Amino acid sequence: MLRLIGTRALLGVATLFAVSVLIFVCTQILPGDVASAVLGNQATPEALAVFRKELGLDQPATVRYFNWFLGAIQGDLGKALTNGRVIIDEIKPRFYNTMFLAGYSALIAVPLSVGLGIIAAIREGRMIDRMSNVLTLMTISVPEFFIGYVLIILFAVNLPWFPSLATVYDEMPISERFYVATLPALTLTMLVAAHMLRMTRTSVLSIMSSPYIEMAFLKGLPRSRVVVRHALPNAAAPIITVIALNLAYLVVGVVVVEAVFTYPGVGQYMVDAVSKRDVPVVQACGLLFAGVFVGLNTLADIAAILVNPRLRHKR
Amino acid sequence: MAETETKQPILTIRGLVVETIIGVRLVDRIDVTLQRGEVLGLIGESGAGKSTIGLAAMCYARAGCRIAGGVVDIDGSDVRMLDAAGRRDVRGRRIAYIAQSAAAAFNPAHTIMDQVCEGPVQHGLMNRTEAEAWARELFRALDLPDPDNFGNKYPHQASGGQLQRAMSAMAMSCRPDILVLDEPTTALDVTTQIEVLILLKRLIREYNTAALYITHDLAVVAQVADRIKVLRHGKEVEEGTTSDVLHAPKQEYTAKLVAVRGAAASERASPATVTDKTILTVADCHASYGIVKVIDGVSLDVKHGETVAVVGESGSGKSTLARVITGLLPPTAGAITFKGATLPKALKQRSKDLKRQIQLVYQIPDVALNPRQTLHDIIGRPVQFYYGRSGNDVTDRVAELLRLVELPENYMFRKSTQLSGGQKQRICIARALAAEPDLIILDEPTSALDPLVAEEILKLLKRLQEELGLAYILITHDLDVVHRIAHRTAVMLKGQFVAFEDTETIFRGPYHPYTEKLVKAVPEMRIDWLDEALERKRVREAAEKTDSAKVA
């Protein structure tokens, strides 16, 4: 089993490496390079050459890639082109903010949707099953900015419970942070709950036709115990995978929500960088997101291995 | 049972009707009466409604079915009138279930101990410590290895026979009054079956438990049941004491069921088909899966028109031998000669024509046929592939093949899902015949079928051999089948042949000890066969004991 886990972890690292190549290549094939972008109207051939040399752009792409990649794994993501600041210092507090919001949303979304999914499976076909299905499907069908604004109107304007702007700053006390970030966290919860709820419900129900479930019923156990104790452990693997995908989305896909609530996260930073053609920042954000995505999915794969009793206990 | 008959029955079912949601009757007005400590055998072919009755006795209907009428009375109270909580209280505590496949009936995520103790703890009969102590006692009574620690195993860590016994322990965990045994030994090897059978019988006697014993095998039920009820298409055919049903069946259907078992004794493979031309020779073959050696020096030869049977328990390597001959698993050493020329080891290296001449028929026809294709596509494919025919040519050939396996031509555009198990197996045979092979490897061709249907398939195979001069390699664990159609038989144990001779000679004896174990483990249609087998076992063990004492 350790070997299996080791293989998964190595595969994760390899994926991350491949993604870094992809990010680098993609930013390279954009028309025009950084030098011409920064210089704009003043781009005389001489000025371009000098500037390129200064940025190291005259070197071959492979050399530049390895310089960048080696720097990145040591925590040196280079400097932003637009304002010359060190990217890692800029990105750190924003990344913390993004992770805080994602963690906060996950804390609400995962127990809520897995719990509701289990309840829906126990009460299959009953009112609560249908209601939870329809409601989560509705929230996932509506664009996220719309949910954000509806929540603002309801809970910031009509009922002034929460602030409409989720501006956090470094010195803010943690309780305050939770309070301020509640509306964006709820918005994100509504976005990811449907997937996890439906997957939990479906995979539990797909186990429910197994002979050992029939056996559990014939032992005289109530349906709730059969679902939680007999079906859920065997349905765990697909549920874990979907949770991981959604957690990754909470980190990576928050751009719009951050914009609606003007929350200072990595998403906004990246959007800014893209519009200003600040390639090193875009690369840095891309790498960071890829790392989170690959990391979470690798963890999910490892967790799926760990919950399998056949792999945990050798014959 | 005379003294119990005066008492009130523990289980009474009257006028039981079970229907599917759309109103198809699965069980039609069945009555069952079971006294304390009595064993009633429910017998019939698949679709006869036996399992449905067993589950209905627990007031349980599978998804898509419902109990539409009748009374299920356990110890004086009508279970159907109880609410959900009341039914749960009865299930497991008063009446417990033993399923056919223990491997599937145990939850893979929990230890065996957790699952055995769950019933009594949840029903509030014992606390966990008491339940564990009782479970260990049951494990010991059921001859499970290392009973004190057996419960710590997960289901995948125990063998099929052990799991079946563990499931019996699980059923007994609440000391129920009634057991429902649903084909408890069908998934087991003959030698394991007899051990489980002995233990089940002892269990039932020791705790004076009443039992519904569901099976399609008359010989098995004859060993444990006091009375037998014969079912067909959800209706009762007849009911009587075990000896009456076996020796003086009143209905024609029952007589037919009894006769199938008896046929083996008289029928023999016809020697007329065998020629002296050898078609296939396997010389000193070795094969392994990774580092696990599965076939260890096997030599075999098959003549034109001959049937060679390979028998052995599961895990003996007999199916692997089929894979080696077909080229699916290249042997690590040894040579295979086909019609005088060396056969390339791997399937990839064999020419299309070589592949054509060796065909395979699988054990479970349901999964060997693509449910989305019509029979025309399934049978026509090898006709196109090997002979390059097309259009009406293929259709004509498919029609011819369907006639050959005794199916109507107009079945051609049906899909396999519309056929019965026996018809599906006929299609598998027709598909093999489409290639016009010289050798067909039959991997347990009848073990997934009901006895009467299996009988028909065997007849068909025999007829085809006579007409087309086919050679068969028959892989099976069913000695009855071997008796009837094999000219020569190889007995396989741990990847080696312990015997390879004329079928007559093999069964006449003197036996290799392992062959004897196999032969003697096949239940015979006599009521006291199991007791005799038990006696033989005791004598043998006693002899072994004195032997080892002498050596010491």
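Being a predicted model, the structure only gives us computed values, none of them experimental. (Residues numbered from 1 in each chain as written. Chains lettered and ligands numbered in written order. Predicted model: local features only at pLDDT ≥ 70, side-chain atom pairs only at ≥ 80, totals over all residues.)

1. Comments concerning the overall build of chain B
Piece 1. For chain B, the count of helices and strands is 22 helices and 20 strands.
Piece 2. Here the C-alpha coordinates of chain B stretch approximately 70 × 70 × 45 Å along the principal axes.
Piece 3. Taking the contacts inside chain B whose residues are at least 6 apart along the sequence as the reference set, 69% of them involve residues at least 24 apart. (Helix = DSSP H or I, 4+ residues; strand = E, 2+ residues; numbered from the N terminus. Contact = placed C-beta atoms within 7 Å.)

2. Looking at the overall build of chain A
Piece 1. What chain A contains, in helices and strands, is 15 helices and zero strands.
Piece 2. Along the longest, intermediate and shortest principal axes, the C-alpha atoms of chain A span 85 × 60 × 35 Å.
Piece 3. Looking at chain A as a whole, 36% of its 315 residues qualify as buried.
Piece 4. Pairs at least 24 residues apart make up 74% of the contacts formed inside chain A by residues separated by at least 6 positions. (Buried ≥ 20, exposed ≤ 12 C-beta atoms within 10 Å, placed from the backbone.)

3. Things to note about the packing of helix α15 (residues 375-387) of chain B against helix α16 (residues 392-404) of chain B
Residues and elements named next belong to chain B.
Piece 1. Close contact between α15 and α16 brings their axes to 9 Å; oriented N to C, the two are set at 115°. By the angle between their axes, α15 is roughly perpendicular relative to α16. Pair α15 / α16 crosses with right-handed handedness. For the pair α15 and α16, the contacting residues are H376, I379, G380, V383 and Q384 in the first and V394, T395, R397, V398 and L401 in the second. (Axes fitted to C-alpha atoms, helices over the stretch in contact; angles between N-to-C directions. Parallel < 35°, antiparallel > 145°, perpendicular 65-115°, else oblique. Left-handed = near helix turned anticlockwise from the far one by under 90°.)

4. Digging into the environment of E144(A)
Residue and element names in this part refer to chain A.
Piece 1. Assignment of secondary structure puts E144 in helix α7 (residues 144-158).
Piece 2. Considered as a pair, E144 and L191 are 47 residues apart in the sequence and their alpha carbons are 7.0 Å apart.
Piece 3. When near neighbours in sequence (up to four residues on either side) are disregarded, E144 contacts T187, L191, V256 and V257.

5. Comments concerning the confidence of the model for chain B
Residues and elements named next belong to chain B.
Piece 1. Across chain B, the average pLDDT comes to 86, with 96% of residues at 70 or higher.
Piece 2. Note that pLDDT drops below 50 for residues 1-5; the model gives that stretch eight contacts with residues more than four away or on any other chain.
Piece 3. If you check the scores for this complex, the pTM reads 0.76 and the ipTM reads 0.76. (pLDDT = per-residue confidence, 0-100.)

6. Side note on the domain arrangement of chain A
All names here are of chain A.
Piece 1. With domains assigned, chain A is organised as domain 1 (2-73) and domain 2 (92-312).
Piece 2. Centre-to-centre, using C-alpha coordinates, domain 1 lies 32 Å away from domain 2.
Piece 3. Domain 1 puts 16 residues into the contact, and the matching count from domain 2 is 15 residues.
Piece 4. If one sorts the elements of the side of domain 1 that touches domain 2 by residue count, helix α1 (residues 2-28) sits on top with twelve residues.
Piece 5. Of the residues contributing to the side of domain 1 that touches domain 2, the split by class is eleven nonpolar, four polar and one charged. (Domains from an automatic or database assignment. Nonpolar A, V, L, I, M, F, W, Y, C, P; charged D, E, K, R; others polar.)

7. Digging into the sheet that holds strand β16 (residues 358-361) of chain B
Residues and elements named next belong to chain B.
Piece 1. Pairing within the open sheet is mixed, and its six strands lie in the order β16-β17-β18-β13-β19-β20. The outermost strands of the open sheet, each flanked by one partner alone, are β16 and β20 (496-502). Within the sheet, the average angular offset between the axes of one strand and its neighbour, ignoring direction, is 15°.
Piece 2. Sheet topology note: the strand β13 (residues 307-311)/strand β19 (residues 488-493) ladder contains four bridges and is parallel. Bridging from a neighbouring strand, V311 pairs with V491 of β19.
Piece 3. Helix α17 (residues 421-434) rests against β16 and β17 (439-443) of the sheet, and its axis sits at about 175° to β16. (Pairing = 2+ DSSP bridges.)

8. Details of the interface of chain A and chain B
Piece 1. In this complex, chain A contributes 17 residues to the contact, which on the side of chain B involves 24 residues.
Piece 2. At the level of elements, α10 (211-218), α11 (223-252) and α15 (309-312) of chain A are the ones that each hand at least two residues to the side of chain A that touches chain B.
Piece 3. Per-element tally for the side of chain A that touches chain B: the top contributor is α10(A), with five residues.
Piece 4. Its residues assigned to classes, the side of chain A that touches chain B shows nine nonpolar, five polar and three charged.

9. Regarding the domain arrangement of chain B
Residue and element names in this part refer to chain B.
Piece 1. Per the domain assignment, the segments making up chain B are domain 1 (11-263) and domain 2 (270-367 + 439-521).
Piece 2. At the junction of the two partners, domain 1 supplies ten residues and domain 2 supplies ten residues.
Piece 3. For the side of domain 1 that touches domain 2, the elements supplying multiple residues, two or more each, are α8 (190-206) and α11 (252-266).
Piece 4. Considered class by class, the residues forming the side of domain 1 that touches domain 2 number four nonpolar, three polar and three charged.

10. What to know about the sheet that holds strand β7 (residues 178-182) of chain B
Residues and elements named next belong to chain B.
Piece 1. With respect to topology, six strands assemble into an open sheet ordered β6-β7-β8-β3-β9-β10, the strand pairing being mixed. Pairing within the sheet leaves two strands with one partner each, and these edge strands are β6 (95-98) and β10 (235-241). Going from strand to strand, the sheet's axes swing by 15° on average, the running direction of each strand aside.
Piece 2. Bridge analysis of strand β3 (residues 39-43) against strand β8 (residues 210-215) gives five bridges, and the strand direction is parallel.

11. Brief notes about the pairing of strand β12 (residues 292-303) of chain B
Piece 1. As defined by bridge partners, strand β11 (residues 278-289) of chain B adjoins β12(B) across nine bridges and the pair is classed as antiparallel. Within β12(B), the residue paired with T278(B) across the bridge is K303(B).

12. Examining the packing of α10(A) against α11(A)
All names here are of chain A.
Piece 1. Contact pair α10 / α11: the axes reach a minimum separation of 10 Å and the direction vectors enclose 145°. Crossing angle aside, the handedness with which α10 passes α11 is right-handed. On α11, the residues that touch Y212, I213, A216 and F217 of α10 are V226, H230 and A231.
Piece 2. The residue makeup of the contact of α10 with α11, split by class, is six nonpolar, one polar and no charged.

13. As for the nonpolar core
Piece 1. If you look at the biggest cluster of nonpolar residues, it comprises 166 residues, and the most contacted ones within it are C285(A), A57(B), A166(B), M167(B), V180(B), L212(B) and Y213(B).
Piece 2. The dominant element in this core, judged by the number of residues it contributes, is α11(A), at 15 residues.
Piece 3. Within the second largest apolar cluster, 67 residues are counted, among which are L321(B), I379(B), Y472(B) and I506(B). (Core = buried A, V, L, I, M, F, W, Y, C linked by C-beta atoms within 7 Å.)

14. Structural notes on unusual backbone geometry
Residue and element names in this part refer to chain B.
Piece 1. In this structure, R175 takes a positive phi of about 45° despite not being glycine.
Piece 2. On the secondary structure map, R175 appears in the loop between α7 (160-172) and β7.
Piece 3. Assessed through the 15 C-beta atoms surrounding it within 10 Å, R175 is described here as partly exposed.

15. Looking at the environment of A211(B)
Residues and elements named next belong to chain B.
Piece 1. Its place among the elements puts A211 in strand β8.
Piece 2. Residue classification places A211 among the buried residues on the basis of 28 C-beta atoms within 10 Å.
Piece 3. When the C-alpha positions of A211 and L11 are compared, they lie 9.7 Å apart, and in sequence the two are 200 residues distant.
Piece 4. Ignoring anything within four residues of it in the chain, the contact list for A211 reads V39, I178, L179, L181 and I204.

16. Quick notes on α7(B)
Residues and elements named next belong to chain B.
Piece 1. End to end, α7 covers 19 Å across 13 residues, agreeing with the expected 18 Å (1.5 Å per residue, within 8%).
Piece 2. The buried count for α7 comes to twelve of 13 residues, which makes it a mostly enclosed element.
Piece 3. The set of residues buried in α7 consists of G161, Q162, L163, Q164, R165, A166, M167, S168, A169, M170, A171 and M172.
Piece 4. Packed against the buried residues of α7 are β6, α3 (102-105), α4 (112-122), α5 (128-141), β7 and α8. (Expected span 1.5 Å × (residues − 1).)

17. Some points on the pairing of β19(B)
All names here are of chain B.
Piece 1. Along β19, six of the six residues are buried, which leaves the element largely enclosed by surrounding structure.
Piece 2. Taking every second residue as pointing to the same face, both faces of β19 are buried, with R488, A490 and M492 on one and T489, V491 and L493 on the other.
Piece 3. Sheet topology places β19 next to β20; six bridges connect them, and they run antiparallel. By the bridge assignment for β20, L493 is matched with Q496.
Piece 4. Taking the residues between adjacent antiparallel strands as the criterion, β19 and β20 are bridged by two residues, where K494 takes a positive phi near 50°.

18. Some thoughts on the confidence of the model for chain A
Piece 1. On average, residues of chain A score 86 in pLDDT, and 97% of them reach the 70 mark or higher.
Piece 2. Confidence scores differ between elements of chain A, with helix α2 (residues 34-39) of chain A showing the lowest mean pLDDT of 69 and α10(A) the highest of 92.

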